[in-house]
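Listed below are the residues making up each chain.
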Amino acid sequence: MRSGLGAQMSVWVYFPSKRPPEVVNKVLQAWHDMGYPSVVMRDSCDPVVAATVRVVTTKYEGWGASMNFLARQVFAMDKACDWVVAASDDIYPDPNVRAEEIAQQCDEHFFQSA
């Protein structure tokens, strides 16, 4: 959890992708516009996409293993990260609720005092 009242929440979106950059970049832009930094895993032979962080691999281990790997990378890379969104290259964020609001809702739901 973040330290201190009112500290900026960090919420990342992540996914592996094989789709063309023009498709992936449109999805990434929507996430970025809503306040989410992104991590995308691509094969070494794939064109670069506009992710905040790109992870290059030579061997795809499947969606589940890739998602677990990417989540670990996000939490290791951003010690202030509160929440992650496991997505895909065809899933868009809620256009009406920014990342910070989603994080606040999650905090209230999961860490609310009984």
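Please refer to the structure higher up on the page.
On a predicted model such as this, the values are computed, not experimentally measured, just so you know.

Peer 1: Please clarify how the environment of D90 should be interpreted in this entry.
Peer 2: As for its position among the elements, D90 is in the loop between β4 (81–86) and α3 (99–111). Each C-alpha atom of the pair D90 and V13 lies 12 Å from the other, and the pair is 77 residues apart in sequence. Setting aside chain neighbours within four positions, we find D90 in contact with R19 and V27.

Peer 1: Help me understand the pairing of strand β1 (residues 10–16) in this model?
Peer 2: Strand residues, when the strand is regular, have side chains that alternate between the two faces of the sheet. Within β1, seven of the seven residues are buried, leaving the element largely enclosed by the surrounding structure. Side chains S10, W12, Y14 and P16 of β1 all project onto a buried face; the interleaved residues V11, V13 and F15 project onto the opposite face, where all are buried too. As judged from the four bridges shared by β1 and strand β2 (residues 38–43), these two strands associate in the parallel manner. Bridge pairing in β2 places F15 opposite V40.

Peer 1: Got a minute to help me understand the side chain of T57 in this structure?
Peer 2: Relative to the assigned elements, T57 resides in strand β3 (residues 53–57). Not counting the four nearest positions on each side in its chain, T57 is found in contact with M41, R42, D43 and S44.

Conventions adopted
- Residues numbered from 1 in each chain as written.
- Predicted model: local features only at pLDDT ≥ 70, side-chain atom pairs only at ≥ 80, totals over all residues.
- Heavy atoms only, no water.
- Helix = DSSP H or I, 4+ residues; strand = E, 2+ residues; numbered from the N terminus.
- Contact = heavy atoms within 4.5 Å.
- Buried < 20%, exposed > 50% of the residue type's maximum accessible area, 1.4 Å probe, protein only.
- Pairing = 2+ DSSP bridges.

Keep in mind these numbers describe shape, not what the thing actually does.
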